[in-house]
Amino acid sequence: MSDQIGVTGLAVMGANLARNLARHGHQVVLHNRSRGRTDALVEQHGSEGDFVPTGSVEEFVGALQRPRKIIIMVQAGPATDAVIDEIAPLLDEGDVLMDGGNALFTDTIRRTEALTARGLHFVGTGISGGEEGALNGPSIMPGGSKEAYELVGPLLESIAAVVDGEPCCTHVGASGAGHFVKMVHNGIEYADMQLIAEAYDLLRQGLELTPAEIGDVFAGWNEGDLESYLIEITAQVLRHTDAESGGPFVDIVLDEAEQKGTGRWTVQSALDLGVPVSGIAEAVFARALSGHREQRQAAQKVLPGPDRQWDEQVADKDAFIESVRQALYASKVVAYAQGFDQITQGADHHGWDIDRAALAKIWRGGCIIRARFLDRISQVFTDEPDVTTLLTNDYFRGAVSEGQESWRQVVAGAARHGVPVPGFASALAYYDGLRAERLPAALIQGLRDLFGAHTYRRTDREGSFHTMWGEDGREVQTG
Ligand SMILES: NC(=O)C1=CN([C@@H]2O[C@H](COP(=O)(O)OP(=O)(O)OC[C@H]3O[C@@H](n4cnc5c(N)ncnc54)[C@H](OP(=O)(O)O)[C@@H]3O)[C@@H](O)[C@H]2O)C=CC1
Ligand SMILES: O=C(CO)[C@H](O)[C@H](O)COP(=O)(O)O
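Note that the structure is predicted; figures quoted are calculated from it, not measured.

**Some words on helix H5 (residues 105-117)**
Moving on, step 1. With 13 residues, H5 extends 18 Å between its outermost C-alpha atoms, agreeing within 8% with the 18 Å of an ideal straight helix rising 1.5 Å per residue.
Moving on, step 2. Phe 105, Asp 107, Thr 108, Ile 109, Arg 111, Thr 112 and Leu 115 are the residues of H5 that are buried.
Moving on, step 3. Each element contacted by the buried residues of H5 is listed here: helix H4 (78-87), strand S5 (96-99), strand S6 (121-128), helix H8 (177-207), helix H12 (262-273) and helix H15 (317-350).
Moving on, step 4. Immediately downstream of H5, the backbone of Gly 119 shows phi near 80°, a positive value.

If you want it as structure tokens, here you go:
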């Protein structure tokens, strides 16, 4: 069924989304702050469908039939507010404004409240897939009211990626839910890439393979449990040669990873919710460390590392590659488990009814973290809706415990040889922390009580207690 939609913001994502919409038979009214992008789009791709180029915001809004459906694809933050402030006064009750940018979910909650009060629908929509996904089918995560989704859902579903006949688009939940899950998606994306980078580093340092050879290893891994878009493109990047130097592309790129902010937001939100997303946090910090060039240069000159050659651990090359693969898979399972944990806790905190099985399904296609094992994750949430962590599910428990020995050897080997693997190591520490019968947190409680009379609970009876540390060591019940 063809529909009509307005797209404002025609940079990489907006232009490709507009083309995707037009290719699916929808009439697309175009607008961009500076007219050049609108004209360029029509000039280069006008034949792909029914485009209506406009200049001013008034012309843009005026070209749309009511209830108007508009998607904003501009920079997150003040730019999005500026666009909303310009467009909203021109809209009528019942019109739908969507924000497909990477907005901070709390901004989306604020905007939803303000626009709902004016009788407008606001749909904060996570969209993943980058340039290619926007054009050929992204994963779409709309949040907002059910009523709004009824108006725009079919249109969004028509342009989403399709897996097993199902569109990678689902109504995630009310208000900021769509942008919340997109944020966590990006956090998982950070963790996944960090783990991939650590695996590459270990294969390079341990086995002295060339980037292209490691690219071949990744291509092989992409045929098994690890099959995913990120593993696939890792092979592509590692096999790529720099035209100018003739050397491996990866060796010519400055080793400072940048970030736009969604990974950091994920960790900030996790801190507020009290959810240990250590894999995502380590990935954000690893990018930060990579960017501290002056500190790194100073440290390189004076900090000694272990004086040790990779020896027996890499004597059997194939066995070492398999160990790294298992460590990567186990750590990846942990990262996804932590991300879904954050979604569970976030939904609970904000009162969103997020269907995690449906979410895992729409991440199977179109998005950056699309991966074979999201099918299994979806199945877990269908079969065990009350599961407390993915790690206790039979399949994932089996997968992680099967690779446990290799995982430990890889982390220990990296530590012995001075290769930084914060992702692998923190995932393993999380796994061991979860399964530990008793944690040293009891000692922390004791210390807190001694220096700050913060009290503690006992294992043998209810209540809170304080020990009179500065007096006779007597224990008193405080609650
Ligand atoms: N790039 C990617 O892979 C992905 C991006 N996203 C998100 O999608 C959104 C669009 O991304 P992308 O296409 O990369 O474009 P950019 O984030 O680079 O934003 C550029 C667009 O924003 C417009 N813009 C900037 N400031 C204003 C303003 N104050 N008022 C009006 N328009 C303004 C620009 O207009 P002008 O041409 O006039 O400068 C241009 O159309 C962002 O929120 C991004 O985070 C989401 C998923 C993937
Ligand atoms: O949203 C995305 C994909 O889903 C973007 O690719 C993401 O913004 C990249 O983030 P960063 O620049 O922080 O690495």
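So that's the structure; there's more coming.
**Here's the deal with the sheet that holds strand S11 (residues 464-467)**
Moving on, step 1. Pairing is antiparallel across the open sheet formed by three strands, whose spatial order is S10-S11-S12. With partners counted over all chains shown, the strands left at the sheet margins are strand S10 (456-457) and strand S12 (475-477), one partner each.
Moving on, step 2. Examined bridge by bridge, S10 and S11 share two bridges and lie antiparallel to one another. Across the sheet, the residue bridging to Arg 457 is Ser 464, located in S11.

**Section: the packing of H8 against helix H10 (residues 229-239)**
Moving on, step 1. Closest axis-to-axis distance for the H8/H10 pair is 11 Å, and the angle between their directions is 45°. Considering their axes alone, H8 and H10 lie oblique with respect to each other. By crossing handedness, the relation of H8 to H10 is classed as right-handed. Residues Glu 189, Asp 192, Met 193, Ile 196 and Tyr 200 of H8 touch H10, and the partners they reach there are Leu 230, Ile 231, Thr 234 and Leu 238.
Moving on, step 2. Among the residues making up the contact of H8 with H10, the classes are represented as six nonpolar, one polar and two charged.

**A short note on the nonpolar core**
Moving on, step 1. In terms of nonpolar packing, the biggest core is built from 91 residues, with Phe 218, Trp 221 and Trp 363 touching the most fellow members.
Moving on, step 2. For this core, the domains that each give at least three residues are domain 1 (4-171) and domain 2 (182-435).
Moving on, step 3. Non-local contacts of Phe 218, meaning those with residues more than four positions away in its chain, are made with Ile 196, Ala 199, Tyr 200, Ile 231, Thr 234, Ala 235, Leu 238 and Leu 328.
Moving on, step 4. Ranked by size, the runner-up nonpolar core spans 28 residues in total, among them Val 7, Tyr 149, Val 152 and Cys 169.

**Points about the UniProt feature "domain: 6-phosphogluconate dehydrogenase C-terminal" (unreviewed entry) in the protein**
Moving on, step 1. This chain's UniProt record puts "domain: 6-phosphogluconate dehydrogenase C-terminal" (unreviewed entry) on residues 178-470.
Moving on, step 2. Segment residues 178-470 splits into 66% helix and 2% strand. End C-alpha atoms: 52 Å apart.

**Brief notes about the site of ligand 2**
Moving on, step 1. Neighbouring ligand 2 are the residues Asn 102, Ser 128, Lys 182, His 185, Asn 186, Glu 189, Tyr 190, Gln 259, Lys 260, Gly 261, Arg 287 and Ile 368.
Moving on, step 2. Interatomic distance of 2.9 Å between a side-chain N/O atom of Asn 102 and an oxygen atom of ligand 2.
Moving on, step 3. A distance of 3.3 Å separates an oxygen atom of ligand 2 from a polar atom in the side chain of Glu 189.
Moving on, step 4. Tallying contributions element by element places H8 first for the shell around ligand 2, with five residues.

**A few points about the pattern of salt bridges**
Moving on, step 1. One pass over the structure, following the stated rule, counts 32 salt bridges.
Moving on, step 2. A salt bridge links Arg 435 to Asp 432, with the nearest nitrogen and oxygen atoms 2.9 Å apart. With Arg 435 and Asp 432 both in helix H20 (residues 422-435) and three residues apart, the pair spans about one turn of that helix.

**Examining the pairing of S11**
Moving on, step 1. Going residue by residue along S11, you find Ser 464 and His 466 tucked away on one face and Phe 465 and Thr 467 tucked away on the opposite face as well.
Moving on, step 2. Counting the residues in the hairpin turn of S10 and S11 gives six residues, including Gly 463, whose phi is positive at 110°.
Moving on, step 3. Across three bridges, S11 lies against S12 in antiparallel orientation. Bridged to Phe 465 within S12 is Gln 477.

**As for the site of ligand 1**
Moving on, step 1. Neighbouring ligand 1 are 20 residues; Met 13, Asn 32, Ser 34, Arg 37 and Val 74 lie closest to it.
Moving on, step 2. Within the side chain of Arg 37, an N or O atom sits 2.5 Å from an oxygen atom of ligand 1.
Moving on, step 3. Taking Val 74, its main chain carries an N or O atom lying 2.8 Å from an oxygen atom of ligand 1.
Moving on, step 4. Burial of ligand 1 by the surrounding chains reaches 77%, relative to a free accessible area of 890 Å².
Moving on, step 5. Counting only elements with at least two residues in the shell around ligand 1, the list comes to helix H1 (12-23) and H4.
Moving on, step 6. Across the shell around ligand 1, the residue classes break down as ten nonpolar, seven polar and three charged.

**Points about a nonpolar patch on the surface**
Moving on, step 1. There is a patch of nonpolar side chains on the surface, built from Leu 443, Leu 447, Leu 450, Phe 451 and Trp 469 and spanning about 580 Å² of accessible area.
Moving on, step 2. For Trp 469, a relative accessible area of 41% translates into the label partly exposed.

Cut-offs applied
Residues numbered from 1 in each chain as written. Chains lettered and ligands numbered in written order. Predicted model: local features only at pLDDT ≥ 70, side-chain atom pairs only at ≥ 80, totals over all residues. Heavy atoms only, no water. Helix = DSSP H or I, 4+ residues; strand = E, 2+ residues; numbered from the N terminus. Expected span 1.5 Å × (residues − 1). Buried < 20%, exposed > 50% of the residue type's maximum accessible area, 1.4 Å probe, protein only. Contact = heavy atoms within 4.5 Å. Pairing = 2+ DSSP bridges. Axes fitted to C-alpha atoms, helices over the stretch in contact; angles between N-to-C directions. Parallel < 35°, antiparallel > 145°, perpendicular 65-115°, else oblique. Left-handed = near helix turned anticlockwise from the far one by under 90°. Nonpolar A, V, L, I, M, F, W, Y, C, P; charged D, E, K, R; others polar. Core = buried A, V, L, I, M, F, W, Y, C linked by side-chain atoms within 4.5 Å. Domains from an automatic or database assignment. UniProt positions renumbered as here; feature names shortened; annotations may be inferred. Near = heavy atom within 4 Å. Polar contact = N/O pair within 3.5 Å; in protein donor to acceptor, adjacent residues only side chain to side chain. Salt bridge = Lys/Arg side-chain N within 4 Å of Asp/Glu carboxyl O. Areas by Shrake-Rupley, 256 points an atom, 1.4 Å probe, with all protein chains shown as cover. Patch = residues over 30% accessible without salt bridge, like charges linked within 9 Å, V, L, I, M, F, W, Y side chains within 5 Å.

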